[in-house]
Amino acid sequence: MPSQYFQRFQDSFLGDPFDAWHDGLDKEALLMLEGEEREEAERLLLQLLERGGDSRAAVGLGLLKSNKAEATLKENLNATGGSTRVAVAQALWSIVGHKPSAAVLIDTLRNHSFFGARIDAARALKGVKTRESKEALIYALNDEDVVVRATAADSLLEMHGIDNPIPYFHPLSEKASAMDATERALGIAELKKAIGWKK
C-alpha cells in the first residue's frame, strides 16, 4: 500500500494541473519518499517529462536531482518556452550546474514578454549564485511589473542569507519594488547595501 507521501506526490505532480497551480506543488511529499517509492516517483516523472509540456516533471526531477533526467532535460531546454523552460533550466542547474541553463534563466528575466515567466526566472535565480545572476536580479529591480521587482529583491536577499520575517515579501523587497520611483530608488540603494553589492 502506498505511503501517504506517495499519494500526496501523485495528487500534486501527476494529478490535475490546475490544482497544482492553484495550491502549489507538494514538494515536501516528494522529498519524503524513500527507497522503491522514490524510484517509482522518478520513473513516473521521467515519463511525464518525455511527454513534454508539463513543468511539474522538471520541477520534481530537479528536486530529486535525477541524473537519469539530464539528457531529456537538455533536449527540452530549447524546445519549450516560458515557465516550462524556466523549470527545465532550474532543474538542469540543480542537477549538474549546467551553465547554459543559467543563461536561459537570465535571458528570461531580462527579456521575456510575459511577467509570469519573469517572476519564475527571478525566483529560480536565487539558486544560481553567480555574478551574472546577481546582476540580472539587480536589473530586474526596475522591471515594469511590481511582482517581478519584489521577487527579484527577495531572491537577492535570500541568496545573501537575509531571512524574511514575514510570510509575503521581505519589508526591504517592498521598499525596493515601490510604485513611487523615488521611494524605489531609495529602497534599491538600501537593498544593495544590505547585500554588500558593489558594481
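Before reading further, recall that the structure is shown in the block above.
Because the structure is predicted, anything quoted here is derived from the model rather than measured.

## What to know about the overall build of the chain
For step 1, the next point in the chain: When you go through the chain residue by residue, the secondary structure sums to 13 helices and zero strands.
For step 2, the next point in the chain: Going from the N terminus to the C terminus, the chain shows its helices and strands as α-α-α-α-α-α-α-α-α-α-α-α-α.
For step 3, the next point in the chain: In terms of C-alpha radius of gyration, the chain reaches 18 Å, essentially the compact-globule figure of 16 Å for 199 residues.
For step 4, the next point in the chain: Taken along the three principal axes of its C-alpha coordinates, the chain extends 60 × 35 × 25 Å.
For step 5, the next point in the chain: The proportion of buried residues among the 199 residues of the chain is 45%.
For step 6, the next point in the chain: Long-range pairs, those at least 24 residues apart, make up 52% of the contacts in the chain with a sequence separation of at least 6.
For step 7, the next point in the chain: A total accessible area of about 10,700 Å² is found for the chain, and carbon and sulfur atoms account for 52% of it.
For step 8, the next point in the chain: When the 25 positive and 30 negative side-chain charges of the chain are each reduced to one mean point, those points stand 9 Å apart.

## Structural notes on helix H5 (residues 55-64)
For step 1, the next point in the chain: In terms of residue burial, H5 counts as a mostly covered element, since seven of its 10 residues are buried.
For step 2, the next point in the chain: Inspection of H5 places Arg56, Ala57, Ala58, Gly60, Leu61, Gly62 and Leu64 among the buried residues, and these make up the whole buried set.
For step 3, the next point in the chain: Structurally, H5 contributes buried residues whose contacts are with helix H1 (4-14), helix H2 (17-23), helix H3 (27-32), helix H4 (35-51), helix H6 (70-77) and helix H7 (82-96).
For step 4, the next point in the chain: Directly after H5, the chain includes lysine 65, whose backbone phi takes a positive value near 50°.

## Digging into the packing of helix H9 (residues 115-124) against helix H11 (residues 146-159)
For step 1, the next point in the chain: The interhelical angle for the contact between H9 and H11, taken along N-to-C directions, is 5°, at an axis separation of 8 Å. With respect to their mutual orientation, H9 and H11 come out roughly parallel. For the pair H9 and H11, contact is made by Phe115, Arg118, Ile119, Ala122 and Arg123 and by Val147, Val148, Thr151, Ala152 and Ser155, respectively.
For step 2, the next point in the chain: Broken down by class, the residue content of the contact of H9 with H11 amounts to six nonpolar, two polar and two charged.

## With respect to unusual backbone geometry
For step 1, the next point in the chain: Phi at lysine 65 takes a positive value of approximately 50°, unusual for a residue other than glycine.
For step 2, the next point in the chain: When you line up the elements, lysine 65 lands in the loop between H5 and H6.

## Digging into the layout of surface pockets
For step 1, the next point in the chain: Roughly 940 Å³ of internal volume is contained in the largest pocket.
For step 2, the next point in the chain: Leu25, Lys27, Val59, Ala87 and Gln90 are the residues nearest the centre of the largest pocket, which is lined by 29 residues in total.
For step 3, the next point in the chain: Those elements that provide at least two residues to the lining of the largest pocket are H2, H5, H7 and H9.
For step 4, the next point in the chain: It is H7 that contributes the most residues to the lining of the largest pocket, eight residues altogether.
For step 5, the next point in the chain: Looking at the lining of the largest pocket residue by residue, the class counts come to 13 nonpolar, nine polar and seven charged.
For step 6, the next point in the chain: By volume, the second largest pocket is sized at about 420 Å³.
For step 7, the next point in the chain: For the second largest pocket, the lining is made up of 18 residues, of which Ile119, Arg123, Thr151, Asp154 and Phe169 are closest to its centre.
For step 8, the next point in the chain: Among the secondary structure elements, those contributing two or more residues to the lining of the second largest pocket are H9 and H11.

## A few points about the environment of arginine 123
For step 1, the next point in the chain: Looking at the secondary structure, you find arginine 123 in helix H9.
For step 2, the next point in the chain: Leave out the neighbours within four places in its chain, and arginine 123 touches Thr151 and Ser155.

## Side note on the side chain of serine 12
For step 1, the next point in the chain: With respect to the secondary-structure elements, serine 12 resides in helix H1.
For step 2, the next point in the chain: In this structure the side chain of serine 12 is engaged in a polar contact, spanning 2.8 Å, whose partner is the backbone nitrogen of aspartate 26.
For step 3, the next point in the chain: When residues no more than four places from it in sequence are discounted, the contact partners of serine 12 are Ala20, Gly24, Leu25, Asp26 and Arg56.

## Observations regarding helix H10 (residues 131-140)
For step 1, the next point in the chain: The set of residues buried in H10 consists of Ser133, Ala136, Leu137, Ile138 and Ala140.
For step 2, the next point in the chain: Considering only its buried residues, H10 is in contact with helix H8 (99-111), H9, H11 and helix H13 (181-195).

Cut-offs used in this document
- Residues numbered from 1 in each chain as written.
- Predicted model: local features only at pLDDT ≥ 70, side-chain atom pairs only at ≥ 80, totals over all residues.
- Heavy atoms only, no water.
- Helix = DSSP H or I, 4+ residues; strand = E, 2+ residues; numbered from the N terminus.
- Rg over C-alpha atoms; globule rule 2.2 N^0.38 Å.
- Buried < 20%, exposed > 50% of the residue type's maximum accessible area, 1.4 Å probe, protein only.
- Contact = heavy atoms within 4.5 Å.
- Areas by Shrake-Rupley, 256 points an atom, 1.4 Å probe, with all protein chains shown as cover.
- Lys, Arg positive; Asp, Glu negative; His and termini not counted.
- Charge placed at Lys NZ, Arg CZ, Asp CG, Glu CD.
- Axes fitted to C-alpha atoms, helices over the stretch in contact; angles between N-to-C directions.
- Parallel < 35°, antiparallel > 145°, perpendicular 65-115°, else oblique.
- Nonpolar A, V, L, I, M, F, W, Y, C, P; charged D, E, K, R; others polar.
- 1 Å grid on protein atoms, 1.4 Å probe; cavity = no way out; pocket = protein on both sides within 12 Å on 5 of 7 lines; lining within 4 Å.
- Points joined across faces, edges and corners; volume = space filled by probe spheres on them.
- Polar contact = N/O pair within 3.5 Å; in protein donor to acceptor, adjacent residues only side chain to side chain.

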